[in-house]
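# Architecture and fold: a report
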Amino acid sequence: MLDQTTAIFNSPASTYDGPKLQHTNGNPGTHAMSAGAATARRIVIVGGGIAGLATAARLAQAGFAVTLFESSELGSAASTRNQGWLHSGALFALDAPAYARVCHESLESTLRFCPECVEPQVAAMAYLFSRPETLVKSWTDAWTAAGIPWKELPIDPVCAALPGIDRARIQHAYQLPDRAIRQDILLTHLAAAAQNAGVEIRTATPAKCLPIENERVAGVVTSSGEEVAAQLVILASGSSGFSMCREFLEQRPGSQQEFELAPLKAHLAAVEPHIGLLPFCIPDADGLNHIPHPPASVFGTAHWERVSTPDDRPDAKQVERLRSRIHEIFPDVAASSRSLQTWSGTMIQALRFDQIETGGAIWPAVIDHARHVPRVQNLVSVFSGRATLWSKLAEDARRLVRAKLDDTVPKTARPPWTGSE
Ligand SMILES: Cc1cc2nc3c(=O)[nH]c(=O)nc-3n(C[C@H](O)[C@H](O)[C@H](O)COP(=O)(O)OP(=O)(O)OC[C@H]3O[C@@H](n4cnc5c(N)ncnc54)[C@H](O)[C@@H]3O)c2cc1C
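Residues take numbers from 1 onward in each chain, read along the sequence in its written order. Restriction of local features to residues with pLDDT of at least 70 applies here, the model being predicted, together with a cutoff of 80 or more for giving and counting side-chain atom pairs; totals for whole chains, interfaces and linings are based on all residues.

### Comments concerning the overall build of the protein
The number of helices and strands found in the protein is ten helices and 23 strands. Once C-beta atoms are placed from the backbone, each residue is buried if 20 or more other C-beta atoms lie within 10 Å of its own, exposed if 12 or fewer, and partly exposed for counts between those two. With 421 residues in all, the protein has 49% of them scored as buried. Residues are defined as contacting one another if the C-beta atoms placed from their backbone atoms lie within 7 Å. Pairs at least 24 apart in sequence give 77% of the contacts found in the protein among residues at least 6 apart. Secondary structure elements are taken from DSSP: a helix is a run of H or I of four residues or more, a strand is a run of E of two residues or more, and numbering for both begins at the N terminus.

Below, the structure is given as structure tokens:
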């Protein structure tokens, strides 16, 4: 991913005064032990993106001792460089209703836990339909069935909020709860929650290898050679740690893996100055979507391409596809003085075989490597599916870890993002 979004997130218009963190910066912590020290009672998490931080916060809340290693800065990869679309699940409700429900629950958790992450002055999302033949009732029925609140909007005010839109292309408009969020703020809150629950966060500390013997990982060896013992290691290293998880999940002759690793690539475009503060998605126009991050508008489509390895170089054909979609709906964007920059990014996901064809419904995955070849009894990998689903991922991870380490669970506490129970 390129720096354009980082620049957007760092713009003075969206200065953040929330909790600041103090991380241990590459220094050996107090938990350094020899790799053979099998008595360590610590869980080590590799990766400080949304998946690693949410899992760390939830496990520490549940009473586990957790250390998290991040090779660079927290959220330095996909987690702060994505489009910032907090999905309500509405886009998936027709094809994957169960997934839509989970997205909606996760949206509510996110807004409860960190309302500050919502992009200021940016409204809830408008779902627009561009084709007269689209059966919009099947969409509204699917939203109702998934428990996602919606209401029909008059088209003219919607178009007035999006200057330059081709009014003739808009047949119907609905309001759904999807939001534009600043992932960096959500991430900072998660890191603060993790730290408050006792997680030791160590940035600028790449994990280099996992010493494995007799089907058990002893801990993590960092790039400086420090050995940190662990009773369980969790890989949350995203696409930059692809090689590390591939080692444990690639297909091997004679073995039946439950998951397949899939790097998925998307192209985004930032139009500046922004075209308006109304986020929208057009499901029947390639899923063209617009997430405002003032001063820019960030556009994407529902098109994710499967690639063989993570690679953030833009593909000319996909860039052209995105541009032409934008120009169909906003014919004057090219002619105006607005700048349009395109870039691409890859996320790595673990797809169960029955999920590979489900389009955009990419479920969070928590993988127990005791069930895979090579078998490692105390190694787990986590994949968020979408950043939106961090709370579901964290809960699934807690359940698995608890089942694996139930003799050592000291106490359980509510996650910081649930309401009162
Ligand atoms: C272009 C694009 C747009 C997207 N848009 C959206 C969106 O709008 N809404 C949404 O919900 N989702 C979106 N996603 C998906 C979302 O960004 C990802 O699902 C999510 O960020 C993955 O989080 P993660 O923590 O698994 O990975 P990452 O954020 O990549 O974090 C992994 C971390 O691990 C660290 N790491 C790697 N190797 C090591 C090592 N050896 N030692 C220590 N640390 C290591 C990395 O530095 C990194 O910080 C988008 C993704 C892309 C690519």
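### Overview of the site of the ligand
Near residues are defined by distance alone, with the backbone-placed C-beta atom required to lie within 6 Å of the molecule or strand. As a matter of local geometry, the ligand sits amid 38 residues, with Gly 47, Gly 49, Asn 82, Gly 238 and Gly 345 nearest to it. Looking at the shell around the ligand, the elements with two or more residues in it are α2 (50–61), α3 (78–81), β16 (259–272) and β21 (339–352). Each residue belonging to the shell around the ligand can be placed in one class, and the counts come to 15 nonpolar, 21 polar and two charged. Polar here means any residue other than Ala, Val, Leu, Ile, Met, Phe, Trp, Tyr, Cys and Pro, which are nonpolar, and Asp, Glu, Lys and Arg, which are charged; Gly is therefore polar.

### Notes on the sheet that holds strand β10 (residues 207–209)
If you walk across this open sheet you meet the three strands as β10-β13-β14, and the pairing is antiparallel. Here the strands that pair on one side only, and so sit at the sheet edges, are β10 and β14 (227–229). Between one strand axis and the next, the sheet turns by 45 degrees as a mean value, whatever way the strands run. Pairing geometry for strand β13 (residues 219–222) and β14, over three bridges, is antiparallel. Opposite Val 220, over in β14, you have Val 228 as the bridge partner. By this definition, two strands are paired if DSSP reports at least two bridges between them. In this description, a line fitted to the C-alpha atoms serves as the axis of each element, helices being fitted only across the stretch in contact, and the angle between N-to-C directions of two axes falls anywhere from 0 to 180 degrees.

### A closer look at the environment of Asn 82
Here Asn 82 lies in the loop between α3 and β4 (85–86). Residue classification places Asn 82 among the buried residues on the basis of 22 C-beta atoms within 10 Å. Considered as a pair, Asn 82 and Val 298 are 216 residues apart in the sequence and their alpha carbons are 9.8 Å apart. Once you skip the residues sitting within four places of it in the chain, Asn 82 turns out to touch Gln 183, Gly 345 and Ala 387.

### Re the nonpolar core
Side chains of a nonpolar character, in soluble globular proteins, are inclined to be buried together. Remark: nonpolar core denotes a set of buried Ala, Val, Leu, Ile, Met, Phe, Trp, Tyr and Cys residues whose joining runs through C-beta atoms within 7 Å. If you look at the biggest cluster of nonpolar residues, it comprises 125 residues, and the most contacted ones within it are Ile 43, Leu 53, Ala 56, Ala 57, Leu 190, Ala 194 and Val 233. Per-element accounting of this core gives the leading share, eight residues, to α2. Apart from the residues within four sequence positions on either side, Leu 53 is in contact with Gly 48, Leu 74, Leu 187, Leu 190, Ala 191 and Ala 194.

### What to know about the confidence of the model for the protein
When pLDDT is averaged across the protein, the result is 87; 86% of the residues are at 70 or more. A score between 0 and 100, pLDDT records how confident the predictor is in each residue. Low confidence marks residues 1–39, where pLDDT is under 50. Its contacts with residues over four positions away, or in another chain, come to 70 contacts.

### A word on helix α10 (residues 390–404)
Between the first and last C-alpha of α10 there are 21 Å, a value that for 15 residues agrees with the 21 Å anticipated at 1.5 Å per step. Along α10, the positions that sit buried rather than exposed are Trp 390, Ser 391, Lys 392, Leu 393, Ala 394, Glu 395, Ala 397, Arg 398 and Val 401. Tucked into the core, α10 has its buried residues touching β2 (42–46), α2, α4 (97–113), β15 (232–235), β22 (365–368) and β23 (379–383). Here a helix's expected span is defined as the number of its residues, less one, multiplied by 1.5 Å.

### Observations regarding helix α8 (residues 242–249)
Within α8 the residues assigned to the buried category are Cys 245, Phe 248 and Leu 249. The buried side chains of α8 occupy one side of the element, clustering within an arc of 90 degrees when seen end-on. Turned more than 90 degrees away from the buried face of α8 sit Ser 243 and Glu 247, all of them exposed. Structurally, α8 contributes buried residues whose contacts are with β15, β16, β21 and β23. The arc in question is the one traced by the directions running from the helix axis out to the C-beta atoms.

### What to know about the packing of α2 against helix α7 (residues 183–196)
Two numbers describe how α2 lies on α7: the axes approach to 8 Å, and their chain directions differ by 30 degrees. One way to sum up the angle between α2 and α7 is to call them roughly parallel. Both α2 and α7 take part in a crossing whose hand is left-handed. Counted together, Ile 50, Leu 53, Ala 54, Ala 56, Ala 57 and Ala 60 of α2 and Leu 187, Leu 190, Ala 191, Ala 193 and Ala 194 of α7 form the full contact between these two elements. Its residues placed into classes, the contact of α2 with α7 shows eleven nonpolar, no polar and no charged. Roughly parallel means an angle under 35 degrees; roughly antiparallel, over 145; roughly perpendicular, 65 to 115; everything else is oblique. Handedness of a crossing follows from how the near helix is turned relative to the far one, being left-handed for an anticlockwise turn of less than a right angle and right-handed for a clockwise one.

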